[in-house]
Amino acid sequence: MSDTSAIVASARRLGLALPAFNIPYLPMVEPVLAALRDSGTFGLVEVARVEWEKFEARSLEAVAEEYRRHDNRLCSRLHLDHVPVIDEDGLRVDFLPIIERALAAGFESVMVDGSRLPFDENVAAARSVVELCGPAGVAVEAELGSVLGHEAGPLPPYEELFRTGTGFTDPADAARFVAAAGVDWLSVAIGNVHGAVAESARKEKKIEARLDLERLSKIYAAAGVPIVLHGGTGIKPDNVRAAVARGIAKINIGTGIRAPYEAALARGPAAARDAAYRATLAEIETLGLGGNAVRLVG
Ligand code: 13P
(Lines give C-alpha, C1' and ligand atoms only; values in the text may rest on other atoms or scores of the structure.)
Protein backbone atom coordinates (compact mmCIF):
# COMPACT_ATOMS: atom_id res chain seq x y z
CA MET A 1 0.00 0.00 0.00
CA SER A 2 1.35 3.46 -0.87
CA ASP A 3 2.23 5.92 1.85
CA THR A 4 -0.64 8.26 0.94
CA SER A 5 -3.06 5.31 0.72
CA ALA A 6 -2.03 4.25 4.21
CA ILE A 7 -2.77 7.76 5.53
CA VAL A 8 -6.17 7.86 3.82
CA ALA A 9 -6.95 4.40 5.21
CA SER A 10 -6.06 5.54 8.71
CA ALA A 11 -8.26 8.63 8.22
CA ARG A 12 -11.16 6.27 7.44
CA ARG A 13 -10.47 4.19 10.55
CA LEU A 14 -10.47 7.34 12.71
CA GLY A 15 -13.58 8.77 11.01
CA LEU A 16 -11.60 11.72 9.61
CA ALA A 17 -11.11 13.12 6.12
CA LEU A 18 -8.18 14.82 4.43
CA PRO A 19 -8.69 18.23 2.87
CA ALA A 20 -7.02 18.49 -0.57
CA PHE A 21 -6.27 22.03 -1.72
CA ASN A 22 -6.02 23.01 -5.38
CA ILE A 23 -3.21 25.22 -6.68
CA PRO A 24 -4.32 27.35 -9.67
CA TYR A 25 -1.54 29.91 -9.04
CA LEU A 26 1.99 28.75 -8.25
CA PRO A 27 2.55 31.20 -5.34
CA MET A 28 -0.39 29.58 -3.48
CA VAL A 29 1.70 26.50 -2.62
CA GLU A 30 3.55 28.21 0.23
CA PRO A 31 0.58 29.74 2.10
CA VAL A 32 -1.47 26.54 1.78
CA LEU A 33 1.38 24.50 3.29
CA ALA A 34 1.87 27.14 6.00
CA ALA A 35 -1.83 26.99 6.94
CA LEU A 36 -1.72 23.17 7.17
CA ARG A 37 1.40 23.34 9.34
CA ASP A 38 0.15 26.16 11.60
CA SER A 39 -3.18 24.42 12.23
CA GLY A 40 -1.58 21.00 12.72
CA THR A 41 -3.69 19.62 9.90
CA PHE A 42 -2.75 16.92 7.44
CA GLY A 43 -3.92 17.67 3.89
CA LEU A 44 -3.01 17.13 0.28
CA VAL A 45 -1.70 19.80 -2.05
CA GLU A 46 -3.00 19.15 -5.55
CA VAL A 47 -2.96 20.56 -9.05
CA ALA A 48 -5.28 19.69 -11.94
CA ARG A 49 -4.48 19.92 -15.66
CA VAL A 50 -7.00 22.76 -16.05
CA GLU A 51 -4.96 24.77 -13.53
CA TRP A 52 -1.80 24.80 -15.62
CA GLU A 53 -3.73 25.08 -18.92
CA LYS A 54 -6.16 27.87 -17.95
CA PHE A 55 -4.80 29.41 -14.74
CA GLU A 56 -1.26 30.14 -13.63
CA ALA A 57 0.03 26.95 -12.03
CA ARG A 58 2.50 26.80 -14.99
CA SER A 59 3.05 23.01 -15.05
CA LEU A 60 2.87 19.96 -12.83
CA GLU A 61 6.68 20.04 -12.63
CA ALA A 62 6.65 23.67 -11.44
CA VAL A 63 4.13 22.82 -8.69
CA ALA A 64 6.19 19.80 -7.59
CA GLU A 65 9.34 21.92 -7.39
CA GLU A 66 7.62 24.68 -5.41
CA TYR A 67 6.04 22.06 -3.16
CA ARG A 68 9.42 20.54 -2.32
CA ARG A 69 10.78 23.98 -1.40
CA HIS A 70 8.14 24.40 1.33
CA ASP A 71 7.03 20.89 2.31
CA ASN A 72 7.40 19.40 5.75
CA ARG A 73 6.54 15.72 5.75
CA LEU A 74 4.28 15.88 8.79
CA CYS A 75 1.42 17.81 7.22
CA SER A 76 1.04 16.99 3.55
CA ARG A 77 1.59 14.91 0.43
CA LEU A 78 1.47 15.93 -3.24
CA HIS A 79 -1.48 14.79 -5.37
CA LEU A 80 -2.21 15.16 -9.09
CA ASP A 81 -5.88 16.14 -9.47
CA HIS A 82 -8.06 15.73 -12.63
CA VAL A 83 -6.14 14.53 -15.62
CA PRO A 84 -9.16 14.25 -17.90
CA VAL A 85 -9.45 11.75 -20.73
CA ILE A 86 -11.90 14.16 -22.36
CA ASP A 87 -11.39 17.69 -21.08
CA GLU A 88 -13.83 20.44 -20.06
CA ASP A 89 -13.91 21.64 -23.71
CA GLY A 90 -14.77 18.18 -25.01
CA LEU A 91 -11.28 17.50 -26.41
CA ARG A 92 -9.41 14.18 -26.10
CA VAL A 93 -6.34 14.33 -23.86
CA ASP A 94 -3.29 12.09 -24.23
CA PHE A 95 -3.46 11.32 -20.52
CA LEU A 96 -0.87 8.56 -19.97
CA PRO A 97 2.16 10.75 -20.80
CA ILE A 98 0.90 13.30 -18.25
CA ILE A 99 0.69 10.58 -15.59
CA GLU A 100 4.22 9.44 -16.53
CA ARG A 101 5.47 13.03 -16.08
CA ALA A 102 3.77 13.18 -12.66
CA LEU A 103 5.50 9.98 -11.55
CA ALA A 104 8.85 11.39 -12.69
CA ALA A 105 8.14 14.66 -10.84
CA GLY A 106 7.43 12.86 -7.55
CA PHE A 107 3.62 13.07 -7.23
CA GLU A 108 2.50 10.64 -4.54
CA SER A 109 -1.02 9.91 -5.81
CA VAL A 110 -2.90 10.76 -9.03
CA MET A 111 -6.41 11.13 -10.41
CA VAL A 112 -7.46 10.05 -13.88
CA ASP A 113 -10.85 11.46 -14.84
CA GLY A 114 -12.70 9.34 -17.38
CA SER A 115 -16.10 10.56 -16.18
CA ARG A 116 -17.02 11.94 -19.63
CA LEU A 117 -16.52 8.45 -21.16
CA PRO A 118 -18.93 5.51 -21.40
CA PHE A 119 -18.56 3.09 -18.45
CA ASP A 120 -16.32 0.51 -20.16
CA GLU A 121 -13.94 3.12 -21.56
CA ASN A 122 -13.76 4.81 -18.15
CA VAL A 123 -12.81 1.43 -16.63
CA ALA A 124 -10.15 0.86 -19.31
CA ALA A 125 -8.61 4.32 -18.82
CA ALA A 126 -8.49 3.90 -15.03
CA ARG A 127 -7.08 0.38 -15.37
CA SER A 128 -4.25 1.64 -17.60
CA VAL A 129 -3.31 4.25 -14.98
CA VAL A 130 -3.43 1.67 -12.18
CA GLU A 131 -1.05 -0.53 -14.20
CA LEU A 132 1.35 2.37 -14.61
CA CYS A 133 1.20 3.63 -11.00
CA GLY A 134 0.89 0.37 -9.04
CA PRO A 135 4.55 -0.65 -9.44
CA ALA A 136 5.60 2.86 -8.38
CA GLY A 137 3.51 2.64 -5.17
CA VAL A 138 1.37 5.59 -6.25
CA ALA A 139 -2.35 5.54 -5.38
CA VAL A 140 -4.94 6.12 -8.11
CA GLU A 141 -8.25 7.99 -7.86
CA ALA A 142 -10.89 7.82 -10.60
CA GLU A 143 -14.36 9.30 -11.00
CA LEU A 144 -17.65 7.56 -11.70
CA GLY A 145 -20.72 9.66 -12.39
CA SER A 146 -20.16 13.29 -13.34
CA VAL A 147 -19.32 16.07 -10.92
CA LEU A 148 -20.44 18.97 -13.13
CA GLY A 149 -19.22 22.57 -13.12
CA HIS A 150 -15.92 22.60 -15.01
CA GLU A 151 -17.63 22.73 -18.43
CA ALA A 152 -18.02 25.97 -20.37
CA GLY A 153 -21.84 25.99 -20.57
CA PRO A 154 -24.22 26.90 -17.73
CA LEU A 155 -25.11 24.26 -15.13
CA PRO A 156 -28.71 23.02 -15.12
CA PRO A 157 -30.60 24.71 -12.25
CA TYR A 158 -29.26 23.07 -9.06
CA GLU A 159 -32.61 21.92 -7.67
CA GLU A 160 -33.43 20.25 -10.99
CA LEU A 161 -30.02 18.57 -11.03
CA PHE A 162 -30.57 17.24 -7.51
CA ARG A 163 -34.18 16.14 -8.11
CA THR A 164 -33.32 14.27 -11.31
CA GLY A 165 -29.99 12.94 -9.97
CA THR A 166 -28.28 14.08 -13.18
CA GLY A 167 -24.83 12.51 -13.35
CA PHE A 168 -25.15 10.95 -9.87
CA THR A 169 -23.07 7.82 -9.19
CA ASP A 170 -24.96 4.54 -9.15
CA PRO A 171 -23.93 2.23 -6.24
CA ALA A 172 -24.05 -1.00 -8.28
CA ASP A 173 -21.93 0.60 -11.01
CA ALA A 174 -19.47 1.77 -8.35
CA ALA A 175 -18.95 -1.84 -7.20
CA ARG A 176 -18.38 -3.04 -10.79
CA PHE A 177 -16.09 -0.11 -11.55
CA VAL A 178 -13.78 -0.56 -8.56
CA ALA A 179 -13.58 -4.33 -9.06
CA ALA A 180 -12.69 -3.97 -12.74
CA ALA A 181 -10.41 -0.91 -12.60
CA GLY A 182 -8.62 -1.66 -9.31
CA VAL A 183 -8.51 1.99 -8.21
CA ASP A 184 -7.61 2.99 -4.64
CA TRP A 185 -10.14 5.84 -4.21
CA LEU A 186 -13.38 6.73 -5.98
CA SER A 187 -14.67 10.24 -6.71
CA VAL A 188 -18.47 10.31 -6.76
CA ALA A 189 -21.33 12.60 -7.73
CA ILE A 190 -23.97 12.85 -4.99
CA GLY A 191 -25.11 16.47 -5.29
CA ASN A 192 -21.63 18.03 -5.21
CA VAL A 193 -20.64 20.35 -8.09
CA HIS A 194 -17.36 22.04 -9.00
CA GLY A 195 -16.98 25.80 -8.77
CA ALA A 196 -16.92 27.19 -12.32
CA VAL A 197 -13.53 27.48 -14.03
CA ALA A 198 -14.68 28.91 -17.40
CA GLU A 199 -13.34 32.46 -17.84
CA SER A 200 -16.88 33.84 -18.22
CA ALA A 201 -18.19 32.30 -14.99
CA ARG A 202 -15.27 31.84 -12.61
CA LYS A 203 -15.95 35.05 -10.64
CA GLU A 204 -19.55 34.08 -9.86
CA LYS A 205 -20.35 33.05 -6.30
CA LYS A 206 -20.62 29.29 -6.03
CA ILE A 207 -24.01 27.82 -5.09
CA GLU A 208 -24.43 26.05 -1.74
CA ALA A 209 -24.65 22.37 -2.59
CA ARG A 210 -26.03 19.53 -0.47
CA LEU A 211 -25.41 15.80 -0.55
CA ASP A 212 -27.51 12.68 -1.05
CA LEU A 213 -26.23 10.90 2.06
CA GLU A 214 -28.31 7.73 1.58
CA ARG A 215 -26.76 7.26 -1.82
CA LEU A 216 -23.29 7.85 -0.40
CA SER A 217 -23.76 5.09 2.21
CA LYS A 218 -24.84 2.67 -0.52
CA ILE A 219 -21.89 3.64 -2.75
CA TYR A 220 -19.35 3.19 0.05
CA ALA A 221 -20.80 -0.18 1.06
CA ALA A 222 -20.73 -1.34 -2.57
CA ALA A 223 -17.36 0.10 -3.63
CA GLY A 224 -15.39 -0.77 -0.47
CA VAL A 225 -12.72 1.90 -1.06
CA PRO A 226 -12.35 5.41 0.43
CA ILE A 227 -14.62 7.91 -1.32
CA VAL A 228 -13.54 11.35 -2.57
CA LEU A 229 -15.76 14.41 -2.51
CA HIS A 230 -14.97 16.95 -5.23
CA GLY A 231 -16.49 20.42 -5.27
CA GLY A 232 -15.77 20.81 -1.55
CA THR A 233 -16.28 24.58 -1.47
CA GLY A 234 -19.61 25.77 -0.13
CA ILE A 235 -21.28 22.48 0.78
CA LYS A 236 -23.38 22.71 3.93
CA PRO A 237 -20.85 21.92 6.72
CA ASP A 238 -23.19 19.58 8.62
CA ASN A 239 -23.66 17.65 5.36
CA VAL A 240 -19.89 17.35 5.00
CA ARG A 241 -19.51 16.04 8.54
CA ALA A 242 -22.24 13.46 7.96
CA ALA A 243 -20.57 12.49 4.66
CA VAL A 244 -17.24 11.88 6.40
CA ALA A 245 -19.01 9.45 8.75
CA ARG A 246 -20.39 7.66 5.66
CA GLY A 247 -17.19 7.05 3.69
CA ILE A 248 -15.69 10.32 2.48
CA ALA A 249 -11.93 10.28 3.14
CA LYS A 250 -10.70 13.17 0.96
CA ILE A 251 -12.38 16.51 0.22
CA ASN A 252 -11.20 18.66 -2.69
CA ILE A 253 -11.30 22.41 -2.13
CA GLY A 254 -10.54 24.84 -4.95
CA THR A 255 -12.83 27.85 -5.30
CA GLY A 256 -12.82 28.58 -1.56
CA ILE A 257 -9.13 29.50 -1.62
CA ARG A 258 -8.77 30.63 -5.26
CA ALA A 259 -11.48 33.33 -5.13
CA PRO A 260 -10.00 35.19 -2.10
CA TYR A 261 -6.49 34.93 -3.62
CA GLU A 262 -7.68 36.40 -6.94
CA ALA A 263 -9.67 39.14 -5.20
CA ALA A 264 -6.60 40.21 -3.20
CA LEU A 265 -4.17 40.17 -6.16
CA ALA A 266 -5.00 43.78 -7.03
CA ARG A 267 -3.45 44.77 -3.67
CA GLY A 268 -0.21 42.96 -4.51
CA PRO A 269 1.44 39.55 -3.95
CA ALA A 270 1.77 39.88 -0.17
CA ALA A 271 -1.97 40.59 0.22
CA ALA A 272 -2.78 37.66 -2.08
CA ARG A 273 -0.49 35.35 -0.11
CA ASP A 274 -2.18 36.41 3.11
CA ALA A 275 -5.64 35.89 1.60
CA ALA A 276 -4.74 32.34 0.49
CA TYR A 277 -3.33 31.55 3.95
CA ARG A 278 -6.41 32.83 5.78
CA ALA A 279 -8.83 31.19 3.35
CA THR A 280 -7.09 27.83 3.78
CA LEU A 281 -7.35 28.11 7.57
CA ALA A 282 -11.01 29.14 7.26
CA GLU A 283 -11.88 26.14 5.06
CA ILE A 284 -10.17 23.77 7.50
CA GLU A 285 -12.12 25.34 10.36
CA THR A 286 -15.51 25.41 8.60
CA LEU A 287 -15.27 21.78 7.56
CA GLY A 288 -14.03 20.73 11.01
CA LEU A 289 -10.94 19.06 9.50
CA GLY A 290 -8.31 20.76 11.64
CA GLY A 291 -5.66 19.43 13.99
CA ASN A 292 -5.57 15.86 12.71
CA ALA A 293 -1.91 15.56 11.61
CA VAL A 294 -0.52 13.98 14.75
CA ARG A 295 -3.31 11.39 14.90
CA LEU A 296 -2.87 10.51 11.25
CA VAL A 297 0.85 10.57 10.70
CA GLY A 298 2.47 11.47 13.96
P1 13P B 1 -14.38 23.53 -5.69
O2 13P B 1 -13.67 24.52 -6.56
O3 13P B 1 -15.83 23.58 -5.88
O4 13P B 1 -13.94 23.63 -4.27
O5 13P B 1 -13.93 22.08 -6.21
C6 13P B 1 -12.57 21.74 -6.28
C7 13P B 1 -12.37 20.38 -6.83
O8 13P B 1 -13.17 19.50 -6.66
C9 13P B 1 -11.12 20.14 -7.58
O10 13P B 1 -10.99 18.82 -7.99
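Being a predicted model, the structure only gives us computed values, none of them experimental.

In this section: the packing of helix α8 (residues 171-181) against helix α9 (residues 213-223). Two numbers describe a pair of packed helices, the interaxial angle and the distance between the axes. Close contact between α8 and α9 brings their axes to 8 Å; oriented N to C, the two are set at 25°. In terms of axis orientation, α8 runs roughly parallel to α9. At the point where α8 passes α9, the crossing takes the right-handed sense. Touching Pro-171, Ala-174, Ala-175 and Val-178 of α8 are Arg-215, Lys-218, Ile-219, Ala-222 and Ala-223, all from α9.

The next subject is empty space enclosed by the protein. The full count for this structure, using the stated rule, is two cavities of 30 Å³ or more. There is about 210 Å³ of room inside the largest cavity. If you trace the largest cavity, you find 23 residues lining it, with Asn-22, Glu-51, His-150, Gly-254 and Thr-255 closest to the centre. Those elements that place two or more of their residues in the lining of the largest cavity are α3 (49-53), β3 (76-84), β8 (248-253) and α11 (255-264). Broken down by class, the residue content of the lining of the largest cavity amounts to six nonpolar, twelve polar and five charged. Counted as a void, the second largest cavity has a volume near 60 Å³. Lining the second largest cavity are Arg-49, Val-50, His-82, Pro-84, Glu-88, Asp-113, Arg-116 and His-150. When residues of the lining of the second largest cavity are traced back to their parent elements, those giving at least two are α3 and β3. Within the lining of the second largest cavity, the residues separate by chemical class into two nonpolar, two polar and four charged.

Cut-offs applied
- Residues numbered from 1 in each chain as written.
- Predicted model: local features only at pLDDT ≥ 70, side-chain atom pairs only at ≥ 80, totals over all residues.
- Heavy atoms only, no water.
- Axes fitted to C-alpha atoms, helices over the stretch in contact; angles between N-to-C directions.
- Helix = DSSP H or I, 4+ residues; strand = E, 2+ residues; numbered from the N terminus.
- Parallel < 35°, antiparallel > 145°, perpendicular 65-115°, else oblique.
- Left-handed = near helix turned anticlockwise from the far one by under 90°.
- Contact = heavy atoms within 4.5 Å.
- 1 Å grid on protein atoms, 1.4 Å probe; cavity = no way out; pocket = protein on both sides within 12 Å on 5 of 7 lines; lining within 4 Å.
- Points joined across faces, edges and corners; volume = space filled by probe spheres on them.
- Nonpolar A, V, L, I, M, F, W, Y, C, P; charged D, E, K, R; others polar.

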